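A look at the structure
Here's the letter readout for the chains.
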Amino acid sequence: TMVSMYNSSDSRLVKNALLQGHQSIMADGITQSRYPSTVQQFIPSFSLFWIGMGYDYWRYRGDEEFLKTLLPDYRRIISWYEARLKDNGSLGRIPFWFFLDWAPGMANGEPAREADGDSALQDLLFMIALDNVAQMEESFGIHAMAEYYNSLRGRVAAGFEKKYWDAGRGLYADTPAHRSFSQHTNAMAVLAGMAEGEKACRVLEN
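Residues numbered from 1 in each chain as written. Predicted model: local features only at pLDDT ≥ 70, side-chain atom pairs only at ≥ 80, totals over all residues. Heavy atoms only, no water.

A short note on the pattern of salt bridges
Following the criterion strictly, the structure yields eight salt bridges and no others. Between glutamate 137 and arginine 75 there is a salt bridge whose closest N-O contact spans 2.8 Å. Linking glutamate 137 in helix α4 (residues 120-139) with arginine 75 in helix α3 (residues 64-82), this pair joins segments that are 62 residues apart in sequence. We classify arginine 75 as partly exposed; its relative accessible area is 25%. Taken together, the salt bridges that share partners define one network made up of Glu64, Glu65 and Lys68. (Salt bridge = Lys/Arg side-chain N within 4 Å of Asp/Glu carboxyl O. Helix = DSSP H or I, 4+ residues; strand = E, 2+ residues; numbered from the N terminus. Buried < 20%, exposed > 50% of the residue type's maximum accessible area, 1.4 Å probe, protein only.)

Comments concerning the packing of aromatic side chains
Evaluated as defined, the whole model comprises 16 aromatic pairs. Considering the side-chain rings of phenylalanine 46 and phenylalanine 49, the 6.2 Å spacing of their centres and the 45° angle between planes classify their relative orientation as tilted. Taken together, the positions of phenylalanine 46 and phenylalanine 49, both in helix α2 (residues 44-61) and three residues apart, correspond to about one turn of that helix. An angle of 80° between the planes, with centres 5.6 Å apart, marks the rings of tryptophan 58 and phenylalanine 140 as edge-to-face. Taken together, the positions of tryptophan 58 in helix α2 and phenylalanine 140 in the loop between α4 and α5 (143-158) put the pair 82 residues apart, joining distant regions of the chain. (Phe/Tyr/Trp six-rings, centres within 6.5 Å; stacked < 30°, edge-to-face > 60°.)

Some remarks on the side chain of aspartate 174
Residue placement: aspartate 174 occurs in the loop between β2 (171-172) and α7 (183-191). It is arginine 169 that comes nearest to the buried, bridge-free aspartate 174 among opposite-charge side chains, at 9.0 Å. Here the side chain of aspartate 174 touches serine 180 through a polar contact of 2.9 Å, side chain to side chain. One polar contact links aspartate 174 to threonine 185, side chain to side chain, over a distance of 2.7 Å. Sequence-distant contacts of aspartate 174, that is, excluding residues within four places in its chain, are made with Ala112, Ser119, Ala120, Tyr164, Ser180, Phe181, Ser182 and Thr185. (Lys, Arg positive; Asp, Glu negative; His and termini not counted. Polar contact = N/O pair within 3.5 Å; in protein donor to acceptor, adjacent residues only side chain to side chain. Contact = heavy atoms within 4.5 Å.)

Here's the deal with the nonpolar core
Residues Leu67, Tyr74, Ile78, Phe126 and Met194 are the most contacted members of the largest nonpolar core, which totals 51 residues. When residues of this core are traced back to their parent elements, those giving at least two are α2, α3, α4, α5, α6 (160-164), α7 and α8 (197-205). With eleven residues, α4 is the largest single contributor of residues to this core. Ignoring anything within four residues of it in the chain, the contact list for isoleucine 78 reads Ile51, Phe126, Ala129, Leu130, Val133, Tyr149 and Leu152. (Core = buried A, V, L, I, M, F, W, Y, C linked by side-chain atoms within 4.5 Å.)

The structure is reproduced here in structure tokens:
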């Protein structure tokens, strides 16, 4: 009984967090990074993580009817990012705070990126969000949207290997300049399915 009570309470807390993300969305299509708050703050990657939160909630809890109500928000976030895609398939320089982690080497919590925005981590987070939304769209019966998001993910993934893979290091670089390499980028590359099987094992070991 205690376990079932905890699980029920835990589920409500996650659902409340998802609803607060929904309530925080601005007119241009991204969530606020903290909400409710008297000071507005934007960390666009948090909008992608919020999509991931909904995806995880769906996979663990179901609650399809509730998740369907969030699909319009997810589409707005994806559209906000899609508008910033460059011809080479990478995202341009994303505005606001490019925060990821308070890790050594990440000044102000920001990972390496080029002046025009090219960043392996940025592209990987977008690909994971696209995959999450595509799976939900497909499962909820909106096949055309799922097909579109899978196609969009393919566009980002198409040039990823050429831009970021460093065969000499056996790692993905943080940017096309191949000046820096991080655990964050390479772990995310495995999670995004860019490295699989033996290659994924080598990447993680390296």
